[in-house]
Amino acid sequence: MLEKMQERVDMEAVMEEFESLTMDAGRVQRETLQRILEENGGCEYLSRLGLNGRTDPQSFKACVPIVTHADIEPYIRRIADDDGGDNSSIITAKPIPAISLSSGTTQGKPKYLPFNDELVENTMQIYKTSFAFRNREYPIDNGKALQLIYSSKQFKTKGGLRAGTATTHLFSSAEFKQTLRATQRPCCSPDEVIFGGDYHHSLYCHLLCGLIFRHQVQLISSTFAHSIVHAFRTFEQIWHHLVADIRRGSLSSRVTSAPIRSAMAKLLKPDPDLADAIQSKCTSLSNWYGLIPELFPNVKYVYGIMTGSMEPYIKKLRHYAGEIPLISADYGASEGWIGVNVNPALPPEEATFVVLPNVGYFEFIPLDGGAAVGLTEVEVGKEYEVVTTSFAGLYRYKLGDVVRVAGFRNGAPELRFVCRRNVVLSVNVDKNTETDLQAAVEAAARAAAAEKVEVVDYTSCVDASSEPARYVVFWEMSGGASDEVVEECCNRLDRSFEEAGYVAMRKINGIGPLELRILRRGTFQKVMDHFVGLGGAVSQFKTPRCVGADNGKLMQILAANVVKSCFSTAY
Ligand code: AMP
């Protein structure tokens, strides 16, 4: 069986290539920059910067400014809007064929980004590399994958370019699909389910397909861990409908899409034995612990991005997975790929990503000040903001992510994802990042554990409408908690922000008492619906951890769903 897989991905060759690329990371970086600039140096964006054909890192750094998305947005707009579709020579020599919409949960709305075939190639290289290492540790044989993946809405831009999330472009690429089959096994669900349009229907059918092929399922995956947790939380609510469909051999009328219905009709037939088996699992499990291996007895691992803003879902995922390993997937963005997880056996909280030096040209701005340094000049233990130069027309582009250098693999750094750069709660001199918020929520949530209530999801904002301004944290909980417990959670939250600026300002009332607002069940589902409505995809959804004052719609959703609120008395 394993040989069959090796036919599809030549694992030895992939690993050898990885070793040789990382061994000589400095040279590969210089060559990668040279290739990018030789190919695209004549485009409008670069030619006005005075490179005059030079392709070395020093000239590049001297001539090309470090930019953010806002700086290049006018170029991308023109690419999206240019009538006739010939957008060549604006940011790349070749025309950009498609526009990606980033998940946009940090800024409140999706960003437009260039997408081209080079990004598909990079994705395949990354997938094959991490698969080779993963499969050595956790071999899978011929089976299927329950891939909880979804396409976003797709539309044409004014200039006639395809627009959708990067994952949607990838799922539509025939070449990429082959790689996905080879590295993650054939998907249980037919394409009609992935591209179904309405993700509630897609999710329902993904689960149904998974159950139909339950003995063949060898792995469960999605782009981000959130989608996996969301799927099994939904399963808890709807399993009896799924069982009824299997018993009857026909799809519930709740799924209305005609293409999905006809694709599912080919898979469904009355199967009372399967229905009984699933029903008995669902009624005998204690609090759904170990649900995944119970439903899928041959599953080898659960795979998806579990780092960064996905960490808060690991605990719930472990609960569902029981003893089945969780493996964190690679590090990339709609802008391009960065690194690959070649240590799949590490627990997801410790996952690192080795930068592949041929997928882009990378620079790192030290968080403690100083100029951007090259890939091989980073120091172990230090934190940096990532700057990328891609084959898709981004030059010295700040990704907005903070990483820590955990070590080196050959000559290439192994990065640990720390947080998004701009997600900070700050009223005054205080600065609390996404990671600080996560730690505070985890510490405070322990006070609710006694009543067997969990925090399903959370976000935060600064409320400056009162004097002094204060932090507001929003929680959706899995059940009703008593007022005493909510008060205790609120006080613990306030005390758990241990950053010196915050503590000092709280003591002198320069920052007001923290407010904890409890949200109605299902509020974060509404938040996700909102982002999906803006063109995002469930597969790329990340709960925004801090809501800016400019994000009126999101604020409205939260405000309309507050069921309880309480102020800290911790100081
Ligand atoms: P998107 O906006 O949907 O393109 O998402 C890209 C962003 O997702 C990155 O800039 C990171 O902030 C985050 N991300 C992607 N991969 C990982 C990972 N492995 N660990 C943590 N965060 C990640």
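Every chain is numbered on its own, with residues counted from 1 as its sequence reads. Thresholds applied to this predicted model are a pLDDT of at least 70 for local features of residues and 80 or more for the giving and counting of side-chain atom pairs; totals over whole chains, interfaces and linings are not thresholded and use all residues. Heavy atoms throughout the structure, all of them, feed into the side-chain values; hydrogens and water do not.

Draft legend 1. Seen up close, the overall build of the protein chain. Secondary structure elements follow DSSP: runs of H or I of four or more residues count as helices, runs of E of two or more count as strands, with numbering from the N terminus. Broken down by element type, the protein chain carries 21 helices and 22 strands. Based on C-alpha atoms, the radius of gyration is set beside the globule rule, defined as 2.2 Å times the residue count to the power 0.38. A compact globule built from 571 residues would reach a C-alpha radius of gyration of about 25 Å, and the protein chain, at 24 Å, matches this within 12%. Three exposure classes are used, based on accessible area relative to the maximum for each residue type with a 1.4 Å probe and protein chains only: buried under 20%, partly exposed in between, and exposed over 50%. Buried positions account for 59% of the 571 residues belonging to the protein chain. Contacts between residues were defined by any pair of non-hydrogen atoms, one from each residue, lying within 4.5 Å. A separation of at least 24 residues holds for 70% of the contacts in the protein chain among residues at least 6 apart in sequence. Here the open area of atoms and residues is found with the Shrake-Rupley method and a 1.4 Å probe, where only the protein chains shown may cover a residue. Here the protein chain has roughly 22300 Å² of accessible surface; of this, 50% comes from carbon and sulfur atoms. Counted as positive: Lys and Arg. Counted as negative: Asp and Glu, with His and the chain ends omitted from the count. Where a charge lies is defined by one atom per residue type, namely NZ (Lys), CZ (Arg), CG (Asp) and CD (Glu). Charge-centre separation for the protein chain: the mean point of 61 positive side chains lies 4 Å from the mean point of 68 negative side chains.

Draft legend 2. Inspection of the pattern of salt bridges at higher detail. Salt bridge, as used here: a side-chain nitrogen of Lys or Arg that lies within 4 Å of a carboxyl oxygen of Asp or Glu. Summed over all chains, the structure comprises 27 salt bridges. Two residues, Arg545 and Asp457, come together in a salt bridge whose shortest N-O distance is 2.8 Å. One end of the pair, Arg545, is in the loop between helix 20 (523-533) and helix 21 (552-559); the other, Asp457, is in strand 19 (residues 455-463), with 88 residues separating them in the sequence. Classification of Asp457 as buried rests on a relative accessible area of 4%. Residue Arg506 is joined to Asp494 by a salt bridge in which the shortest nitrogen-to-oxygen separation is 2.8 Å.

Draft legend 3. Summary view of the sheet that holds strand 7 (residues 301-305). On the basis of which strands lie adjacent, the open sheet formed by four strands has the order 3-6-7-8 and parallel pairing. Since the sheet does not close on itself, it has two edges, and those belong to strand 3 (144-147) and strand 8 (326-328), each with one partner. The sheet shows a mean angle of 25 degrees between the axes of neighbouring strands, direction not considered. Strand direction decides the pairing type here: strand 3 and strand 6 (residues 217-224), joined by four bridges, are parallel. Following the sheet pairing, Leu146 is matched in strand 6 by Ile220. Strand pairing follows a simple DSSP-based rule, namely that at least 2 bridges must link the two strands. Only the stretch in contact is used when fitting a helix axis, every axis being a line fitted to C-alpha atoms; angles between N-to-C directions are given from 0 to 180 degrees.

Draft legend 4. Seen up close, the domain arrangement of the protein chain. Residue ranges labeled as domains rest on an automatic or database domain assignment. Taken domain by domain, the protein chain comprises domain 1 (2-117 + 331-420), domain 2 (139-324) and domain 3 (424-567). Reported buried area values correspond to the accessible surface (1.4 Å probe) lost by two parts on association, with both partners' losses combined. Across the domain 1/domain 3 interface, buried area totals approximately 910 Å², and carbon plus sulfur atoms make up 51% of it. Viewed at the interface, domain 3 and domain 1 are joined by zero salt bridges. For the side of domain 1 that touches domain 3, the leading source of residues is strand 16 (residues 412-420), giving three residues.

Draft legend 5. Main features of the side chain of Thr388. As for its placement among the helices and strands, Thr388 is situated in strand 14 (residues 383-389). In contact with Thr388, other than residues within four places in its own chain, are Tyr361, Phe362, Leu394, Tyr395, Arg396, Tyr397 and Leu399.

Draft legend 6. Layout of helix 14 (residues 272-284). Given a rise of 1.5 Å per residue, 13 residues ought to cover 18 Å, and the 18 Å separating the end C-alpha atoms of helix 14 matches this to within 8%. Taken as a whole, helix 14 has its buried residues at Leu274, Ala275, Ile278 and Cys282. For helix 14, the angular spread of the buried residues around the axis is 100 degrees, confining them to a single face. Within helix 14, the exposed residues directed more than 90 degrees away from the buried face are Asp273, Thr283 and Ser284. Contacts made by the buried residues of helix 14 are with helix 11 (199-212), helix 12 (225-248) and helix 15 (291-295). Expected span, for any helix, means 1.5 Å times one less than how many residues it has. Think of it as the arc spanned by the lines of direction from the helix axis to the C-beta atoms.

Draft legend 7. Highlighting the site of the ligand. Around the ligand lies a shell of 18 residues, among which Thr307, Gly332, Ser334, Asp401 and Gln540 are the nearest. Asp330 is positioned with one of its backbone polar atoms (N or O) 2.9 Å from a nitrogen atom of the ligand. When the ligand sits alone it has 500 Å² of accessible area, and the protein chains cover 94% of it. Sorting the residues of the shell around the ligand by element identifies strand 9 (331-333) and strand 16 as the ones contributing at least two each. Sort the elements by how many residues they give to the shell around the ligand and strand 9 lands first, with three residues. Built from parts of two domains, the shell around the ligand gets at least three residues from each of domain 1 (2-117 + 331-420) and domain 2 (139-324). To be near a molecule or strand, a residue needs just one of its heavy atoms within 4 Å of it. Whenever a nitrogen or oxygen atom comes within 3.5 Å of another N or O atom, the pair is scored as a polar contact, on the condition that within protein one atom can donate a hydrogen and the other can accept it, and that pairs from neighbouring residues in sequence are kept only if both atoms are in side chains.

Draft legend 8. Structural detail: the side chain of Arg517. Note that Arg517 resides in strand 21 (residues 515-519). If sequence neighbours within four positions are ignored, Arg517 has contacts with Asp463, Arg470, Val472, Val473, Phe474, Trp475, Val562, Lys564 and Ser565.

Draft legend 9. Seen up close, helix 12. Over its 24 residues, helix 12 extends 32 Å from the first C-alpha to the last, a length consistent with the 34 Å expected when each residue adds 1.5 Å. Where helix 12 ends, the next residue or the one after it, Gly249, has phi of about 80 degrees, a positive value.

Draft legend 10. Broad picture of the nonpolar core. Within this scheme, the nonpolar core is defined by two criteria: the residues are buried Ala, Val, Leu, Ile, Met, Phe, Trp, Tyr or Cys, and they are joined through side-chain atoms within 4.5 Å. Core analysis: the largest hydrophobic core is formed by 158 residues, its most contacted members being Tyr45, Ile220, Phe232, Phe235, Phe296 and Phe364. For this core, the element with the highest residue contribution is helix 12, accounting for 11 residues. With residues near it in sequence (within four places) discarded, Phe235 still touches Leu207, Leu211, Leu242, Cys282, Trp288, Leu291 and Leu295. Judged by nonpolar contacts, the second largest core, of 30 residues, contains Ala440, Val441, Tyr471 and Cys566.

Draft legend 11. Highlighting the packing of helix 2 (residues 11-23) against helix 7 (residues 117-137). Here helix 2 crosses helix 7 at 110 degrees, and the two axes come no closer than 9 Å. The angle between helix 2 and helix 7 falls in the class roughly perpendicular. The two elements helix 2 and helix 7 meet at a crossing, and its hand is left-handed. Side by side, helix 2 and helix 7 meet where Met11, Val14, Met15, Glu17, Phe18, Glu19 and Leu21 of the first sit next to Gln125, Lys128, Thr129, Phe131, Ala132, Phe133, Asn135 and Arg136 of the second. Residues that form the contact of helix 2 with helix 7 fall into these classes: eight nonpolar, three polar and four charged. Relative orientations are named as follows: roughly parallel for angles under 35 degrees, roughly antiparallel for angles over 145 degrees, roughly perpendicular for angles from 65 to 115 degrees, and oblique for any other angle. Each crossing is labelled by how the near helix is turned from the far one, with a counterclockwise turn of less than a right angle marking it left-handed and a clockwise turn marking it right-handed. Following the grouping adopted for this structure description, the nonpolar residues are Ala, Val, Leu, Ile, Met, Phe, Trp, Tyr, Cys and Pro, the charged ones are Asp, Glu, Lys and Arg, and the polar ones are all others, Gly among them.

Draft legend 12. Region of the structure containing the pairing of strand 12 (residues 361-366). For strand 12, the tally of buried residues reaches six of six residues, placing the bulk of the element in the interior. The alternating pattern of strand 12 places Tyr361, Glu363 and Ile365 and Phe362, Phe364 and Pro366 on opposite faces, both of which are buried. Relative to strand 14, strand 12 runs antiparallel, the two sharing six bridges. Its bridge partner lying in strand 14, Phe362 is registered against Thr388. In this structure, strand 12 lies alongside strand 13 (residues 373-374), joined through two bridges in antiparallel fashion. Across the sheet, residue Glu363 finds its bridge partner in strand 13, namely Gly374. The hairpin turn running from strand 12 into strand 13, its antiparallel successor, is six residues long, and Gly369 in that turn takes a positive phi close to 105 degrees.

Draft legend 13. Representation of the sheet that holds strand 16 within the structure. Spatially, eight strands are ordered 9-10-11-16-15-14-12-13 in an open sheet, and the strand pairing comes out antiparallel. Sheet topology places strand 9 and strand 13 at the edges, where each strand pairs with a single neighbour. Here two bridges tie strand 11 (residues 353-355) to strand 16, and the two strands are oriented antiparallel to one another. If you follow Phe353 over to strand 16, its bridge partner there is Leu415. With respect to the sheet, helix 3 (residues 25-40) is in contact with strand 12, strand 14 and strand 16, its orientation differing from that of strand 12 by roughly 110 degrees.

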